[in-house]
Amino acid sequence: MDTALPLPPADATRSPTVHSTRRAARVASDAGEATPAALGLRVVVLVPAYNEAGSIGATLDGLMLQSRPADLIVVIPNGCTDSTAWEARKYPVSVMELPRLQHRKSEALNRAWAKYAVDADVVICLDADTVLPPNAVEAWSREFSAERGALLGGSSSKFTMQDPGFLSRLQKAEFATWTDTALRRGRTSVLAGTGCAINNAVLRQIAARNDREGPWVYTSQVEDFELTYRIRELGFICQVSPDVRAYTDSMKTLKALWGQRMKWQVGTVEDLLDLGINRLTLRDWGQQAMGLLGVFLRLLWIAVIALSLSLGVFRVVLFWWLVPILFVALDIKRALRIPHRDWKDVLMAATFFPQELFMWMRSGWFLASWCAVLTAKITRRRIDRWEAQYTAEEIN
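If you're wondering where the values come from, they're calculated on a predicted model, not measured in any experiment.

Novice: Can you tell me about the environment of Val 118, naming the residues and giving the values?
Specialist: Structurally, Val 118 can be placed in the loop between helix H4 (104-117) and strand S4 (122-126). Once the C-alpha coordinates of Val 118 and Val 44 are considered, the two residues, 74 residues apart in sequence, prove to be 9.5 Å apart. What Val 118 contacts, discounting residues up to four positions off in sequence, is Trp 113, Asn 200 and Arg 204.

Novice: Which residues make up the layout of surface pockets, and what values do they have?
Specialist: It is the rolling of a water-molecule-sized probe over the atoms that shows where space remains empty. What the second largest pocket holds in volume is close to 230 Å³. Taken together, 14 residues line the second largest pocket, and the ones lying closest to its centre are Gln 102, His 103, Arg 104, Tyr 218 and Trp 386. By residue number, the principal contributor to the lining of the second largest pocket is H4, which donates 3 residues.

Novice: Could you give an account of empty space enclosed by the protein, with specific residues and numbers?
Specialist: Volume-wise, the largest cavity comes out at about 50 Å³. Together, 13 residues line the largest cavity, and Leu 191, Gly 193, Trp 216, Asp 224 and Leu 227 are the ones closest to its centre. Looking at the lining of the largest cavity, the elements that each hand over two or more residues are H4, strand S7 (195-199) and helix H8 (223-233). When residues in the lining of the largest cavity are grouped by element, the largest group, 4 residues, is from H8. Taken together, the residues of the lining of the largest cavity break down into 8 nonpolar, 2 polar and 3 charged. Counted as a void, the second largest cavity has a volume near 40 Å³. The wall of the second largest cavity is formed by Tyr 50, Asn 78, Gly 79, Arg 100, Leu 101, Arg 104 and Tyr 390. Across the lining of the second largest cavity, the residue classes tally to 3 nonpolar, 2 polar and 2 charged.

Novice: Outline the packing of helix H6 (residues 166-185) against helix H12 (residues 343-350), listing residues and values.
Specialist: Any two packed helices are characterised by the angle at which their axes cross and by the distance between the axes. Relative to each other, H6 and H12 sit at 80°, their axes nearing to 11 Å. One way to sum up the angle between H6 and H12 is to call them roughly perpendicular. Taken together, the residues of H12 that come into contact with H6 (itself represented by Phe 166, Arg 169, Leu 170 and Lys 172) are Lys 344, Asp 345 and Met 348. Residue composition of the contact of H6 with H12, grouped by class: 3 nonpolar, no polar and 4 charged.

What counts, and where the lines are drawn
Residues numbered from 1 in each chain as written. Predicted model: local features only at pLDDT ≥ 70, side-chain atom pairs only at ≥ 80, totals over all residues. Heavy atoms only, no water. Helix = DSSP H or I, 4+ residues; strand = E, 2+ residues; numbered from the N terminus. Contact = heavy atoms within 4.5 Å. 1 Å grid on protein atoms, 1.4 Å probe; cavity = no way out; pocket = protein on both sides within 12 Å on 5 of 7 lines; lining within 4 Å. Points joined across faces, edges and corners; volume = space filled by probe spheres on them. Nonpolar A, V, L, I, M, F, W, Y, C, P; charged D, E, K, R; others polar. Axes fitted to C-alpha atoms, helices over the stretch in contact; angles between N-to-C directions. Parallel < 35°, antiparallel > 145°, perpendicular 65-115°, else oblique.

Read these as geometric descriptors, not functional statements.
Here's what the structure looks like:
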């Protein structure tokens, strides 16, 4: 991404060995640490970056304006071919510049965590195209210091986009709905790596596992989903913060959006197949089932319309118009809850077709992702979705 993000509205190196990382993690875990201390939390921010010279400045500006400054900010340019590291060094932060890593973001986070954040109380993971408002670090610190913090494993931010483009508005509406749902439940199955805070005592326990070199695993293409599962598996709560919003970049083209969502969806399906069906994955399996049901119903609708037209029995029934009217009412209700909305957001919801088009696209990547996963199982050839997304973004 090569465009700088605006600041949010006013309201609003040496690599450690695998053995040494695991040993440090086990020592901390065996010490019986369960939660950060109520006062004096040490907060470390990790900012992995790949060719983010155009946006890293806004991200770091946001961190400089925090009402409660982070104790340490570490920018991790990995495999960058632009001036990301140079831009980051303009700020009072640590820069851990790395070559192009085999395991990309996960490996960059593990290396930086092992070198800079093992002794932290709270670790904030923040993408280099995301801006936090001034209350973020302070609000997260309160959450982990509160009485409920004894069970709090991680807290994700509420995401929104500020780009005025048509496609960005659709993504903004989608994330607003996801946020509302997670806040109502009081739980989330994904601490999105775009911007989240994690109890570091829990990360140390996870890093001590034998299937990884640090908290972040290398076998998953959606490392934040897998990490969240491991946190929940230990009995901790993962939530969406009621107080922390994050302003992030959106996918500007259909090709870039498709690449991003195929990575997310394929990675999620792969992880769910590995994890199986249990009490922690039941809701995620239900979402997959609903997504595939949506694909089936849309294909069935096309087949019925085509068949009735070919047989000459197609008739327009007035009752059919009730369904899109109900959908429009629901979309308008959701649009009125979009943060920083304007009349264009509400108009898009009221005209039915933009949201319906987006739902067809969702069905498309649901179907394509399942086909891709099953094909990979048969052929034993796995596509690198990180690389596919990078390519889609760079081409556009």
